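Residue-level listing of the chains:
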Amino acid sequence: CYTGMRLGDALALQRPAVNLKTKTANLPTTKNGKPRLVYLPAVVRKELKAMGVAGEGRLFPFHASGRLRELLSMTLEIAGVVLPRRVAFHVFCHTWATWMRQHGGLDTYDLLKTDRWADAESADRYSHVVVSDIARKAELLPVRKRA
């Protein structure tokens, strides 16, 4: 949720690809066929440090199995969240993009620069989650004063 990685990318991540000193993880190949250097924010680094990243092999010892999806379902139920069918973990990619727009102040082209999307059209789907500075000009419209 804090990296924008797809589930498959995260589960395929190799331990040597994670560098807590540079705060990055290197994805050698993504869905669009290109490598991506992923920034690891403090919340992610803290958890990775606690679980240990040294050594060889895959970082996470599990697969995208029914058990992993069952754990997500249990978590969502406890949180009172209902997701549409076939959304599951991919919702976290969209959450990341939405938060990057809303809290990080990124625009479409900034999202493109994260290398998470291959084209502006794909990254632009998150433009609706923020009110533009242009739209805020509505504050300048005349208002009739009451006597």
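Refer to the structure printed above.
Within each chain, residue numbers correspond to sequence positions counted from 1 in written order. Totals for whole chains, interfaces and linings use every residue, but because this is a predicted model, local features are given only for residues with pLDDT of at least 70 and side-chain atom pairs only at 80 or more, for both listing and counting. Excluding hydrogens and water, the side-chain values take into account all heavy atoms of the structure.

## As for the nonpolar core
- Residues belong to a common nonpolar core when they are buried Ala, Val, Leu, Ile, Met, Phe, Trp, Tyr or Cys residues joined through side-chain atoms within 4.5 Å. Relative accessible area decides the class of each residue, using a 1.4 Å probe on protein chains only: under 20% of the type maximum gives buried, over 50% gives exposed, and in between gives partly exposed. Grouped together as the largest cluster of nonpolar side chains are 13 residues, with contacts concentrated most on L13, V18, L40 and L48.
- Residue contacts for L48: discarding those within four places in its chain leaves V18, L20, L40, V53, L59 and F60.
- Listed in part, the eight residues of the second largest apolar core include W96, A97, L111 and Y126. Contacts are assigned to residue pairs with any non-hydrogen atoms lying within 4.5 Å of each other.

## Quick notes on the pattern of salt bridges
- Whenever Lys or Arg places a side-chain nitrogen within 4 Å of a carboxyl oxygen from Asp or Glu, that contact is recorded as a salt bridge. Inspection of the entire model under this criterion finds one salt bridge.
- Here E70 and R67 are joined by a salt bridge, their closest N and O atoms 2.6 Å apart. Residue E70 and its partner R67 are both found in helix α3 (residues 66–79); the two are separated by three residues, about one turn of the helix.
- For E70, a relative accessible area of 41% puts it in the partly exposed group. Each helix is a run of H or I in the DSSP string that is no shorter than four residues. Each strand is a run of E no shorter than two, and both are numbered from the N terminus.

## What about empty space enclosed by the protein?
- A 1.4 Å probe that fits into a set of points on a 1 Å grid over the protein atoms alone but cannot get out defines a cavity; an open set with protein on both sides within 12 Å along at least five of seven lines defines a pocket, and lining residues are those with an atom within 4 Å of a point. Grid points are joined across faces, edges and corners, and a volume is the space filled by probe spheres set on the points. Throughout the structure, instances matching the rule amount to one cavity of 30 Å³ or more.
- Approximately 50 Å³ is the volume found for the largest cavity.
- As for the largest cavity, its lining consists of G4, M5, R6, D9, L27, T30, N32, R36, D115 and R116.
- Residues were grouped as follows: Ala, Val, Leu, Ile, Met, Phe, Trp, Tyr, Cys and Pro as nonpolar; Asp, Glu, Lys and Arg as charged; and all remaining residues, including Gly, as polar. A class-by-class count of the residues in the lining of the largest cavity yields two nonpolar, three polar and five charged.

## Remarks on the packing of aromatic side chains
- A pair of aromatic rings is counted whenever rings of Phe, Tyr or Trp (Trp by its six-membered ring) have centres within 6.5 Å, and the orientation is called stacked for planes under 30 degrees apart, edge-to-face for over 60 and tilted otherwise. Going through the model one piece at a time under the given rule, you end up with five aromatic pairs.
- Taken together, a centroid distance of 5.6 Å and an interplanar angle of 55° make the contact between Y2 and W99 tilted. You can see Y2 sitting in the segment before α1 (7–12) and its partner W99 sitting in helix α4 (residues 91–102), a full 97 residues away along the chain.
- Among the residues examined, Y2 registers a relative accessible area of 42% and is labelled partly exposed.
- Above the plane of the ring of W96 lies R36, whose end atom (NZ or CZ) is 5.5 Å from the centre.
- The rule is short: NZ of Lys or CZ of Arg within 6 Å of the ring centre and within 35 degrees of the ring normal puts a charge over the ring. A cation over a ring is seen here: R116 above W117, with NZ or CZ 5.2 Å from the ring centre.

## Here's the deal with unusual backbone geometry
- Despite not being glycine, K23 has its phi angle at roughly 65°, a positive value.
- Even without being a glycine, D115 presents a positive backbone phi close to 70°.
- With respect to the secondary-structure elements, D115 resides in the loop between α5 (108–113) and α6 (120–123).

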